Amino acid sequence: MSAEEVIDICNKRSGVLGLSGLSSDFRDLAEAAADGNEMAQTALEAYAYRVGKYIGAYAAAMNGVDVIAFTAGAGENNAEVRKLIGQYIGFLGTNIDEEKNKVRGEEIILSDEGAKVVTMVVPTNEELAIARETVRLTEK
């Protein structure tokens, strides 16, 4: 394979798409997993494990955290992914409330009142961020 082909595989055909054989869209994976697709469920669980591992590593490196924010795509719109990740970060004292976790695409604190670490959803506006960065670059 050429370097270009390897880069294409790594960037476009790996990750949850490679694991599931289905899609890189978490909405598709969650729907397929709910319908009993074991590979989709495995891809979601592997993703959650990996995210949980990174959160734990950074929490240790920073000697604790006050807030964990779920944002963008799966983070702000996929309750199943947040629930799976929550299984790995619960030791931090996140206490994610199942009812609150059902919310999609709006800013909300997911953790219950007594949580040691506030866990929340923060929607992104990627188009606005791109527009602001474009303006900043053109002003130079």
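Above this note sits the structure.
Residues numbered from 1 in each chain as written. Predicted model: local features only at pLDDT ≥ 70, side-chain atom pairs only at ≥ 80, totals over all residues. Heavy atoms only, no water.

Caption draft 1: Region of interest: the sheet that holds strand β3 (residues 118–122). Pairing in this open sheet of three strands is mixed, and the strands run β1-β3-β2 from one edge to the other. Unpaired on one side and paired on the other, β1 (67–71) and β2 (108–109) mark the two borders of the sheet. In the sheet, β2 pairs with β3 via two bridges, with the strands oriented antiparallel. The residue of β3 that forms the bridge with I108 is V121. (Pairing = 2+ DSSP bridges. Helix = DSSP H or I, 4+ residues; strand = E, 2+ residues; numbered from the N terminus.)

Caption draft 2: Here's a closer look at unusual backbone geometry. Phi at N63 takes a positive value of approximately 60°, unusual for a residue other than glycine. Structurally, the position occupied by N63 is in the loop between α4 (38–61) and β1. Given a relative accessible area of 74%, N63 falls into the exposed group. Backbone geometry at N95 places phi at a positive 45°, although glycine is not the residue there. Relative to the elements of secondary structure, N95 occurs in the loop between α6 (79–89) and β2. Judged by its relative accessible area of 35%, N95 falls in the partly exposed class. (Buried < 20%, exposed > 50% of the residue type's maximum accessible area, 1.4 Å probe, protein only.)

Caption draft 3: Quick peek at α4. The end-to-end C-alpha distance of α4, which contains 24 residues, comes to 34 Å, matching closely the 34 Å that a straight helix rising 1.5 Å per residue would cover. Buried residues along α4 sit against α2 (15–20), α3 (26–34), β1 and α6. N-capping of α4 is provided by N37, with a side-chain oxygen placed 3.0 Å from the backbone N of M39. Directly after α4, the chain includes N63, whose backbone phi takes a positive value near 60°. (Expected span 1.5 Å × (residues − 1). Contact = heavy atoms within 4.5 Å. Polar contact = N/O pair within 3.5 Å; in protein donor to acceptor, adjacent residues only side chain to side chain.)

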